[in-house]
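# Survey of secondary and tertiary structure
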Amino acid sequence: MIQKLTYLLLGLLLLTSCAEDPVPKPKGYLRLEYPEATYKSYNKQLPFSFERNKLSDTVKIKTIPNDPSSFGLNLEYEKLKGTIYLTYKTIHDEDELTKFLKDAQNFTQEHTRKADEIVEQVYDNKERKVYGMFYEVGGNAASQSQFYVTDSTKHFLTGSLYFYAKPNYDSILPAANYLQKDIKHIMETLEWK
C-alpha cells in the first residue's frame, strides 16, 4: 500500500513540476500616431482669418437664424472623429460684449458636473488685438476644450471641441491633445479684418 501511495505521489509531483511558472502579460497600450500638423491660411469672406490644420478635411459655414451678423464655422476632422465648432458674433456695444463673455464662461462652467478639472489659460496678443481664454477640460465631459477671443470692440469668437463618441477621457485623450494644439494655433494666428 505504501509503495502504491509513493508511486502516486511521485507521479503527481512529476505532472505538476513540469509546468512553466505563470508569467503575467505586459500591459498593452493603444499606439495612436497622428501626422505632424501642417497649417494653411483660411481667409474666406469672413471678418477674420486664421490658419487651420490640413487634417480638418471639411469646413462648414452655418448661418445663425435671426442674427445676420453671426455665423458658425465647423472644422471637421473625420480621421479623429471630432469637430472644432467656432461661433462668430459681431459686438455692437459694451453691454453685448459683457453678455458674450458671461455666456462663454458659463458654457464652460456647465461642464463642471462631469469634468475632473478645468484649467484656464489667459491669451493676450496686443499686436493683433486678440484677447481671450483657453479652457482645457479634464475628465469625461462632453467637450475637452473651449475658448473665446475678442478684440473688445467689434469681434467675438468662441470655440469648442467635441468628439462623435461617448466621452471617455482615457480613450480620446491623444486626439484631444492633438486638437488642443490646433485650437491654440487658431488663437495664435487669428487676425481680425
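A brief report on the enclosed structure follows. Owing to the predicted nature of the structure, the values given are computational and were not obtained by experimental measurement.

About the thresholds
- The written sequence of each chain sets the order in which its residues are numbered from 1.
- Side-chain atom pairs in this predicted model are given and counted only at pLDDT of 80 or more, local residue features only at pLDDT of at least 70, and totals for whole chains, interfaces and linings cover all residues.
- Hydrogens and water are ignored here; the side-chain numbers use all heavy atoms of the structure.
- Think of it this way: DSSP has to see at least two bridges between two strands before they count as a pair.
- Helix and strand definitions follow DSSP, with helices as H or I runs of at least four residues and strands as E runs of at least two, each counted in order from the N terminus.
- Here a residue-residue contact requires only that any non-hydrogen atoms of the pair lie within 4.5 Å.
- Axis definition: a line fitted to C-alpha atoms, limited for helices to the stretch in contact. Angles are taken between N-to-C directions and run from 0 to 180 degrees.
- Per-residue accessibility, obtained with a 1.4 Å probe over protein chains only, is compared with the maximum for each type, and a residue is labelled buried under 20%, exposed over 50%, and partly exposed between these values.
- For this analysis, a polar contact is any N or O atom pair within 3.5 Å, provided that within protein one partner can donate a hydrogen and the other can accept it, and provided that sequence-adjacent residues contribute only side-chain to side-chain pairs.
- To pair, rings of Phe, Tyr and Trp, with the six-membered ring standing in for Trp, must have centres within 6.5 Å; the planes then decide the type, stacked if under 30 degrees apart, edge-to-face if over 60, and tilted in the middle.

### Comments concerning the sheet that holds strand S1 (residues 39-42)
- Judged by pairing direction, the sheet is antiparallel, and its 3 strands sit side by side in the order S1-S2-S10 without closing on themselves. Strands at the two margins of the open sheet, each flanked by one partner only, are S1 and strand S10 (191-192).
- Packed onto the sheet, helix H3 (residues 169-189) meets S1, strand S2 (48-53) and S10 and runs at close to 155° relative to S2.

### Notes on the side chain of Ser143
- Positionally, Ser143 belongs in strand S8 (residues 143-150).
- The class for Ser143 is buried, based on a relative accessible area of 0%.
- Side-chain polar atoms of Ser143 contact the backbone oxygen of Ser145, separated by 3.0 Å.
- Engagement of the side chain of Ser143 in a polar contact is seen with the backbone oxygen of Leu161, the distance being 2.8 Å.

### Comments concerning the packing of aromatic side chains
- Enumeration according to the criterion identifies 11 aromatic pairs in this entry.
- Seen from their ring centres, Phe48 and Phe50 are 5.9 Å apart, and the 25° between their planes marks the pair as stacked.
- By relative accessible area, which is 1% here, Phe48 ends up buried.
- When its relative accessible area of 1% is taken as the criterion, Phe50 is described as buried.

### Notes on the sheet that holds S8
- Across the sheet, 7 strands lie side by side as S3-S4-S5-S9-S8-S7-S6; this open sheet has antiparallel pairing. Strand pairing shows two members of the sheet lacking a second neighbour, strand S3 (58-63) and strand S6 (115-125), which therefore form its edges. Strand after strand, the sheet turns through a mean of 15° between neighbouring axes, direction not considered.
- Strands in contact with helix H2 (residues 94-109) are strand S5 (82-90), S6, strand S7 (130-139), S8 and strand S9 (155-163); relative to S9, the strand with the most contacts, it is inclined by about 15°.

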